[in-house]
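Analysis of the macromolecular model
Listed below are the residues making up each chain.
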Amino acid sequence: METNCVRQTIINSASTLFYKNGYNNTQISEILETSGVSKSTLYDHFNTKEEICIAHLQHRNDEFSKQVMAYTSQAPQGKDRIMAVFHYLELFYKMEDFNGCWSIKVFSEVPMANELIKSEVISQKNGFIDYIEMLLIENIKVDNLEDHKILAQKIYMLLEGAVAQSNLHKKEWPITLAKEMCYTLFD
């Protein structure tokens, strides 16, 4: 196997385990077993479980970002394009292995002193807010740019709350209600 292929196999295996079982409940031995690589091969690519976790977070975020951007770009411009993020969340919820937000799951498991993982999660969340703000700038007219920032933060809160509560209740209604609430932000 090529080096990049082996690395990606490890990331895919770890990512599945971290998302399903949690970061703390996943052992290196499980990653080795599911990836089919040897311990020495794993450590050729990653020095620590923490490094594997960072790769997992980046992998999941990259995949989610590509998918949500592709999905929203198909929606008509204007409010529909912003609302497409909620429609995508409905699809995300219906995925076979939906277990909430991968980064919030990890964030809640690691100690506050773990700056590396915590800063990666915060960076990803700030990137999502920036993406929402970009959608707003491109699709909604407001009096000043600060209004876009505040509106992006409100929409982000609705989205994040919807994912968390859909995971908690194992129902889609939080996403549906958040979507309805978002419509009221444009009145």
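Heads up: these notes are all about the structure in this document. (Residues numbered from 1 in each chain as written. Predicted model: local features only at pLDDT ≥ 70, side-chain atom pairs only at ≥ 80, totals over all residues. Heavy atoms only, no water.)

**Remarks on helix 9 (residues 173-185)**
Put simply, the rule reads: Only DSSP runs of H or I with at least four residues qualify as helices, and only runs of E with at least two residues qualify as strands; both kinds are numbered from the N terminus onward. Expected span of a helix, by definition, is 1.5 Å for each gap between consecutive residues, and there is one gap fewer than residues. Relative accessibility decides the category of a residue: with a 1.4 Å probe and only protein chains considered, values under 20% of the type maximum give buried, values over 50% give exposed, and everything between is partly exposed. To obtain the arc, one takes the directions from the helix axis to the C-beta atoms.
End to end, helix 9 covers 19 Å across 13 residues, agreeing with the expected 18 Å (1.5 Å per residue, within 8%). Residues of helix 9 that are buried: Pro 174, Ile 175, Ala 178, Lys 179 and Cys 182. Each buried residue of helix 9 sits inside an arc of 135° when the element is viewed along its axis, so together they form one side.

**So, helix 5 (residues 79-93)**
Rule in force here: Consider a residue and the seven residues that end there alongside the seven that start there; fitting an axis to each set, the bend is the angle between those axes. Here, two residues are considered to be in contact whenever any of their heavy atoms come within 4.5 Å of each other.
If you check helix 5, its first and last C-alpha atoms are 22 Å apart, about what 15 residues at 1.5 Å a residue would give, namely 21 Å. In helix 5, a bend of some 25° at Val 85 exceeds every other bend along the element. Most of helix 5 is tucked away: 11 of the 15 residues are buried. For helix 5, the complete set of buried residues consists of Arg 81, Ile 82, Met 83, Ala 84, Val 85, Phe 86, Tyr 88, Leu 89, Glu 90, Phe 92 and Tyr 93. For helix 5, the elements touching its buried residues are helix 1 (3-21), helix 4 (49-73), helix 6 (102-109), helix 7 (115-139), helix 8 (145-169) and helix 9.

**Quick word on the layout of surface pockets**
Over the atoms rolls a probe the size of a water molecule, and its path tells where empty space is left. Threshold: A cavity here means a set of points on a 1 Å grid, drawn over the protein atoms and nothing else, where a 1.4 Å probe fits but cannot get out; a pocket is an open set with protein on both sides within 12 Å along at least five of seven lines, and a residue lines either one if it has an atom within 4 Å of a point. Grid points are joined across faces, edges and corners, and a volume is the space filled by probe spheres set on the points. Residues are sorted three ways: Asp, Glu, Lys and Arg are charged, Ala, Val, Leu, Ile, Met, Phe, Trp, Tyr, Cys and Pro are nonpolar, and all the rest, Gly among them, are polar.
The volume enclosed by the largest pocket comes to roughly 250 Å³. In this structure, the largest pocket is lined by 18 residues; those nearest its centre are Asn 61, Phe 64, Trp 102, Lys 125 and Phe 128. Among the secondary structure elements, those contributing two or more residues to the lining of the largest pocket are helix 4, helix 5, helix 6, helix 7 and helix 8. Counted by class, the lining of the largest pocket contains 11 nonpolar, five polar and two charged residues. Of the volumes computed, that of the second largest pocket is approximately 210 Å³.

**Thoughts on a nonpolar patch on the surface**
Put simply, the rule is: A patch is a set of surface residues, each over 30% in relative accessible area and not in a salt bridge, joined within 9 Å for like charges and within 5 Å for the nonpolar side chains Val, Leu, Ile, Met, Phe, Trp and Tyr. Residue exposure ignores everything except the shown protein chains as possible cover, and the areas themselves are Shrake-Rupley values with a 1.4 Å probe. The working definition used for a salt bridge is a side-chain nitrogen of Lys or Arg within 4 Å of a carboxyl oxygen of Asp or Glu.
Where nonpolar side chains cluster on the molecular surface, the patch consists of Trp 173, Leu 177 and Met 181 and spans about 310 Å² of accessible area. With respect to the element layout, Trp 173 can be found in helix 9. Note on Trp 173: relative accessible area 44%, which makes it partly exposed.

**A few points about the packing of aromatic side chains**
Let me state the cut-off plainly: Here a Phe, Tyr or Trp ring, Trp counted by its six-membered ring, pairs with any other such ring whose centre lies within 6.5 Å, and the pair is stacked when the planes are under 30 degrees apart, edge-to-face when over 60, and tilted otherwise. Note on criteria: charge over ring means Lys NZ or Arg CZ within 6 Å of the ring centre, with the direction from the centre no more than 35 degrees off the ring normal.
Scanning all chains against the criterion turns up 10 aromatic pairs. Measuring from centroid to centroid gives 6.4 Å for Phe 92 and Trp 102, while their planes differ by 80°, and the two rings are edge-to-face. Of this pair, Phe 92 sits in helix 5 while Trp 102 sits in helix 6, and the two are 10 residues apart along the sequence. Across the pair, exposure class does not vary: Phe 92 and Trp 102 are buried alike. Site record: aromatic cluster; members linked through ring pairs are Phe 64, Tyr 71, Tyr 88, Phe 92, Tyr 93, Phe 98, Trp 102, Phe 128 and Tyr 156. Above the plane of the ring of Tyr 19 lies Arg 60, whose end atom (NZ or CZ) is 4.2 Å from the centre. Sitting over the face of the ring of Phe 107, Lys 118 holds its NZ or CZ atom 3.7 Å from the ring centroid.

**Here's the deal with the pattern of salt bridges**
With the rule as written, the count across this model stands at five salt bridges. Note that Lys 66 is salt-bridged to Glu 63, the shortest N-O span being 3.8 Å. With a gap of three residues between them, Lys 66 and Glu 63 both fall in helix 4, about one helical turn apart. Classification of Lys 66 by relative accessible area gives exposed; the value is 55%. The exposure class assigned to Glu 63 is partly exposed, which follows from its relative accessible area of 32%. With its nearest N and O atoms 3.8 Å apart, the salt bridge here joins Glu 172 to Lys 94. Residue Glu 172 is located in the loop between helix 8 and helix 9, and its partner Lys 94 is located in the loop between helix 5 and helix 6; the two are separated by 78 residues in the primary sequence. Residue classification places Glu 172 among the partly exposed positions, given a relative accessible area of 22%. A residue is classified by how much of its surface remains accessible, and Lys 94, at 55% relative accessible area, is exposed.

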